[in-house]
Amino acid sequence: MMNRKPSGPQQYTTFYCDKSLLGLDISCVQEINRNQELTRVPLGHPCVRGVMNLRGEVVTMLDLRILMGLPKGPITNRNRNLVLKCEGETFGLWVDGVADILTIDQNQITAPPSNLALGEARLIRGVYQTEQALVMIVDPKEILTASLSGIRIAA
Amino acid sequence: MFQDDELLHEFVVESSSHLAQIEGQLLQIEAGGSDIDVDLVNTVFRAIHSVKGAAGFLSLSVINSLAHSLENVLNMVRNLELVPTSPIINSLLRAADQLRALVDDITNSNDVDVSGFIDELEAIANGQVQSEISSNEGDFVVATPSTPPSTVVHELPEAVNEQPETEEAMQGFVESESSEAFAYLDVESLSLTTDETSFEPPISFEAPITTSSETSLPVKKIVNSETTAKSVKPVNSSGNSSSEPKEAKAKATDSIVRVNVALLDRLMNLAGELVLSRNQLLLAVSNGVREGLESIASRVDQVTSELQETIMQTRMQPIGTVFSRFPRVVRDLSAKLNKECNLEIEGNEVEVDKTIVEAMGDPLTHLVRNSVDHGIELPEKRVAAGKNRVGEIRLRAFHQAGKVCIRIEDNGGGMDPQKLKAKALEKGLINHDQAAMMSDNEALRLIFAPGFSTAAQVTDVSGRGVGMDVVRTNIEQLGGTVDIESKLGVGSAVHITLPLTLAIIPSMIVGCAGERYAIPQASIAELVRVPEAELASKIGNVHGAEVLRLRGALLPLVRLDSALGLRAADDIGSRPKSANILVLETGQMRYGLVVDSLFDNEEIVVKPLGKHVKELGYLAGATILGDGYVALIVDVVGMAVQSNLRNIEAAALADAEKHLNKKTEESHRLLLFANHPSEQFAVPMDMVARIERIKAAEVQVVGNQNLLIYRGNSLPLMRIEESMTALPMEEGIENLFVVVFRIEGQEVGLIAPSLRDIRDIEMRMDATTLREPGVLGSTVVDGTTTRLLDMVELVRHKHPNWQQPQVVSESVQPEKMPTILLAEDSDFFRNHVKRTLETEGFHVIGAADGQCAWDQLQTMFEEIDLLITDIEMPRMNGLELAKAVRSNNAMSELPIMALTSLASDDDHARGAQAGIDEYQGKLDPSRLVEAARRMTGAALQRS
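None of the values given here were measured: they were computed from a predicted structure.

Thresholds applied
- Residues numbered from 1 in each chain as written.
- Chains lettered and ligands numbered in written order.
- Predicted model: local features only at pLDDT ≥ 70, side-chain atom pairs only at ≥ 80, totals over all residues.
- Heavy atoms only, no water.
- Contact = heavy atoms within 4.5 Å.
- Buried area = accessible area lost by both parts, 1.4 Å probe.
- Salt bridge = Lys/Arg side-chain N within 4 Å of Asp/Glu carboxyl O.
- Polar contact = N/O pair within 3.5 Å; in protein donor to acceptor, adjacent residues only side chain to side chain.
- Helix = DSSP H or I, 4+ residues; strand = E, 2+ residues; numbered from the N terminus.
- Buried < 20%, exposed > 50% of the residue type's maximum accessible area, 1.4 Å probe, protein only.
- Pairing = 2+ DSSP bridges.
- Axes fitted to C-alpha atoms, helices over the stretch in contact; angles between N-to-C directions.
- Phe/Tyr/Trp six-rings, centres within 6.5 Å; stacked < 30°, edge-to-face > 60°.
- Lys NZ or Arg CZ within 6 Å of the ring centre and 35° of its normal.
- pLDDT = per-residue confidence, 0-100.

Draft legend 1. Structural detail: the interface of chain A and chain B. At the interface, 23 residues of chain A touch 24 residues of chain B. When chain A packs against chain B, close to 2,000 Å² is buried across both sides, 61% of that on carbon and sulfur atoms. Area buried by chain A at its contact with chain B is led by R40, L43 and V58 of chain A, which between them contribute 30% of it. In this assembly, chain A and chain B are joined by one salt bridge. For R40 of chain A, the salt bridge is made with E515 of chain B, and the minimal N-O distance between the two is 2.7 Å. Seen at the junction of chain A and chain B, the total is six residue pairs in polar contact (both at pLDDT 80 or more).

In structure tokens:
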């Protein structure tokens, strides 16, 4: 997977999931908002928080915590929706807070540690070390496939 | 080879639309026979000519030469040098099909060998083949195209092993091509271009709103079926090309809509107006001016509606684009099956949404083919049945109540409901009870049941894996309905109803557990509101499934909150007290959806859902309401499936009907007799100890008491007229009957001058009109008002002193009197039994049905010593109640007595299984009381 990526520097949006810091390629982040008005979808997969009106489009909201195998978190005023567009599908990711935008050179991303929890391991493409913290780089495609396959299994 | 892809694409689109018309026109020419319509021939000629010209320009040599040969023949027809007989038209049609196939697979067209077609056409032009062909007229395809048959055959999925006849290959080929071609025809129909030969760039734009696959859920599956259909098509009859480039091409033309320039201009104008209104609005808002805001708002409103309507119009297409393929289908198929059919088409101009037009292709084809294959009989058979040799098939489209209706009628053999039932039974789709109860109409609808049309029915004509259930599913997913009528020997008619469009649907917005949902208006038959007071009587419970009693019929109910798990179990209390029920109807299913509240009717725009939630069966999409809230659209069919409604329907409903009907028709065995011939009385047979026949003279009168000396004892006798308002016995009767009862431990006889009958009679008792001591009530038997006697009361009334001792003993320890809970749904019997027991000193609590009794038990179980229950009751019957009690730890020891009218051994066994300890008759008070005493273990046994 790594070898497909361009090697130059790229911008990443970083955000929190519980206490971990995660990063996503900024080119697939369509917008970030704090819209909380959701319509819940009965009988949907637990990772589906609901559907949202995004300027006339109906967009599914996923809960990152559930995707990462964590329990539901409390709702705070730091929560944000990351609206992602990936493989033609627009969907939202409910995160525990948004941090910085980092410019990261591809060479500085190292392989994920092998002791990552199984649930997360699928989604993590690599790890980047800043002076203060460790950023786990998430693959948006994996989020999509993982969440969809989770739904298929559940259904 | 081709440098200009765009030009090539233009050519494909243009030629396809020219060629799409040809088929119908050739058939018309054939119908005209020797009476040649030169204009029509000219039209076909010009179309071919323009294809030929453009093909030459683009160096498409094969297309060019095939078109040229076609043109030659047509030219001869045009000049009246050649009479277009069926064989000639056959050749022309096949050549045109080939031409179309070449155009569809344009990149490989130059490698295809069409010399067979060309030779055939040349032969016709030279006047050589005509006789040869006509000598073989019975055979559908005579002149085998020189395209090596093996190439064709190997790519046909259905023909693998043997070397099949070419006609079969052609058949498959023809079908696939015709449906393919109409994707282009769709485009043509919206075209403004009237000059057939012009090559002006068409005004076209990509489908503006969404591509069809995203419009709404209905489309989802249809798209699937289309793609499967495509993959089955033997596309490659055109030669050695692979199927991929062809599919790509097909899609390219599918996603393009040609729009009338005038319509486009109107859209532009409206967009301009919208911009203008927006500017005004922005200005007004930024200036903070309120005046004029309303007029701006109404302007925006108006422009938006118009815009919406106009955009919808760009999607509207005449249904004729689908219909026009059927003359050929019918013609070829009837030739193949040796049948004679005439197809009449009406309503080509009726316009429907593009998505619907496209999606209706397969279901309609299937239905039309069915009509020919299964509907119309062979000519000999028709003649034998006194019908015209030629079968009639009518295809009709028309508008009705804002919807589009399509009817496919044939005057063929019709269907036999009995045979359908037998087949469904054999397949295990229904059981014998269902079959017995099924009406003819219901039986006909069995053909839509999944798994009904199977291998036995599959011929190479109708059985293409598309059963009638798929037809139904496809139509229902478009929001339409399908129904069938048929009369054996007379014919069949399939009736399809479709919405005009899918993108915008009128819907009812409902509320449930704080959420709002949209339910398509098309499926709503009516709204029913059941006020709290009527809940118990209108809503019943059968085997745990709720049903609504609606005008005498039973309707299964689905609660939206339970079906979707909207309310936690402890939150059921937040349900509104009264019930709002939407009666939903889709095809074969009919059920009631219970919601909390009804809001409004709205025209909603269907928005596609994301992949994560798309798979949920009960959802048909989502919409955004006026306040920005996203409301989910309920899929009426999906919801029924989700709630296992089929099971409820099949098992419970039939049962429920029986149960609920029975309730009012409890029957009892009664002895009918008359004192005076004009007055009829009845006593329950199970109270009668025996009947004696005596001579009137044997009756002795002591004091004012009649006595019969009988086996050494004196039996007190009673006369009806002594005890109640009744006509006296007629005089001069020599022989009498004495009906002997055993009451309060004593025997007593009732004088009955004439016994009339012993019968099982349905008890519809009127407990008030003729009520008096000794008379339970009245009912009508064979038109005669009959009074039902309460012997116990009668005796007490007459001999108050007889029961004296008990009353004394009972009053000794009144605090020890047991409490009985009585569950009985008939007011008459409940009051009667209650009275009987209360006079014996029991404390009786009445409950109107099993559910009420169960509720009572929850609150005051400790005080209850005995449960007496009727068996047949609404909501919760006696058996269910007994089971519930037995399975509850605290209550499991509670004695249970069941009251019945006519209990069979089976009933007893079932009762015992449910936990019922004893059965007693309803109208036998002494035994009832005796049993109650025994079971409560009261220490009040009579000494």
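Draft legend 2. Structural detail: the environment of I604 of chain B. All names here are of chain B. Tracing the sequence through the fold places I604 in strand β18 (residues 597-605). By relative accessible area, I604 is classed as buried at 2%. Placed 18 residues apart in sequence, I604 and A622 show a C-alpha to C-alpha distance of 9.2 Å.

Draft legend 3. Representation of the pattern of salt bridges. Residue and element names in this part refer to chain B. If you walk through the whole model with that rule in mind, you get 38 salt bridges over all chains. Where R389 meets E340, a salt bridge forms, and the shortest distance between an N and an O atom there is 3.0 Å. Residue R389 is found in the loop between α17 (379-384) and β6 (391-400), and its partner E340 is found in the loop between α15 (326-336) and β4 (341-346); the two are separated by 49 residues along the sequence. Of the charged contacts, one joins E838 and K834 as a salt bridge, the two residues approaching to 3.9 Å between their closest N and O atoms. Of the two residues, E838 and K834 both sit in helix α30 (residues 827-839), four residues apart, roughly one turn of that helix. A residue is classified by how much of its surface remains accessible, and E838, at 38% relative accessible area, is partly exposed. The partly exposed category is assigned to K834, whose relative accessible area is 26%.

Draft legend 4. Quick peek at helix α31 (residues 850-860) of chain B. Residue and element names in this part refer to chain B. Those residues of α31 that sit buried are G850, Q851, A853, W854, L857 and M860. Of the surrounding elements, those touching the buried residues of α31 are β32 (819-823), β33 (843-847), β34 (866-870) and α32 (878-886). Capping the start of α31 is the job of one residue whose side-chain oxygen sits 2.9 Å from the backbone nitrogen of Q851: D849.

Draft legend 5. Molecular detail of the pairing of strand β10 (residues 134-138) of chain A. All names here are of chain A. Within β10, four of the five residues are buried, which leaves it mostly tucked inside the rest of the structure. Direction of pairing for strand β9 (residues 124-129) relative to β10: antiparallel, over a ladder of five bridges. In the sheet register, V127 faces β10, and the bridge partner there is M136. The turn joining β9 and β10, which pair antiparallel and follow one another in sequence, is formed by four residues.

Draft legend 6. Spotlight on α15 of chain B. Residues and elements named next belong to chain B. For α15, a buried count of nine out of 11 residues is recorded, marking the element as mostly surrounded by other parts of the structure. Every buried residue of α15 is accounted for by F326, R328, V329, V330, R331, D332, L333, S334 and K336. Once α15 ends, the next one or two residues include N338, with phi positive near 60°.

Draft legend 7. Focus on the pairing of strand β7 (residues 89-95) of chain A. All names here are of chain A. Counting buried positions along β7 gives seven out of seven residues, so the element sits mostly inside the fold. Side chains of β7 alternate between two faces, with E89, F91, L93 and V95 and T90, G92 and W94 buried alike. Here strand β5 (residues 57-63) pairs with β7 via four bridges, running parallel. Note that in β7 the partner of L62 across the bridge is L93. Sheet topology places strand β6 (residues 80-86) next to β7; seven bridges connect them, and they run antiparallel. Across the sheet, the residue bridging to R80 is V95, located in β7. Once β6 ends, the chain turns through two residues before running back antiparallel as β7, passing E87 with a positive phi of about 50°.

Draft legend 8. How the structure looks around the sheet that holds strand β11 (residues 515-520) of chain B. Residues and elements named next belong to chain B. Taken together, the five strands give an open sheet; going across it, the order is β18-β10-β11-β20-β19, and neighbouring strands pair in mixed fashion. The open sheet terminates on both sides in strands that have one partner only, identified here as β18 and β19 (619-624). Between one strand axis and the next, the sheet turns through 35° on average, direction left out of account. Pairing between β19 and strand β20 (residues 630-634): five bridges, direction antiparallel. Bridge pairing links T623 to A631 in β20.

Draft legend 9. Structural detail: the packing of aromatic side chains. Taken as a whole, this structure holds two aromatic pairs over all chains when the rule is applied. Summarising the aromatic geometry, the rings of F323 of chain B and F326 of chain B are spaced 6.4 Å apart at their centres and angled 50° between planes, so their arrangement reads as tilted. Exposure class is identical for F323 of chain B and F326 of chain B. Each is buried. Above the plane of the ring of W94 of chain A lies R49 of chain A, whose end atom (NZ or CZ) is 3.8 Å from the centre.

Draft legend 10. Inspection of the confidence of the model for chain A at higher detail. The pLDDT averaged across chain A works out to 82; a share of 88% of its residues lies at or above 70. For chain A, the element scoring lowest by mean pLDDT is helix α2 (residues 118-121) of chain A, at 60; β7 of chain A scores highest, at 90.

Draft legend 11. Highlighting the sheet that holds β33 of chain B. All names here are of chain B. Taken together, the five strands give an open sheet; going across it, the order is β33-β32-β34-β35-β36, and neighbouring strands pair in parallel fashion. The open sheet has two free edges, formed respectively by β33 and β36 (918-921), since each of these has just one partner strand. Within this sheet the neighbouring strands show an average axis-to-axis angle of 25°, counted without direction. In this sheet, β33 lies alongside β32 in parallel orientation, the contact comprising five bridges. Each bridged residue has a counterpart across the sheet, and for I820 the counterpart in β33 is V844.

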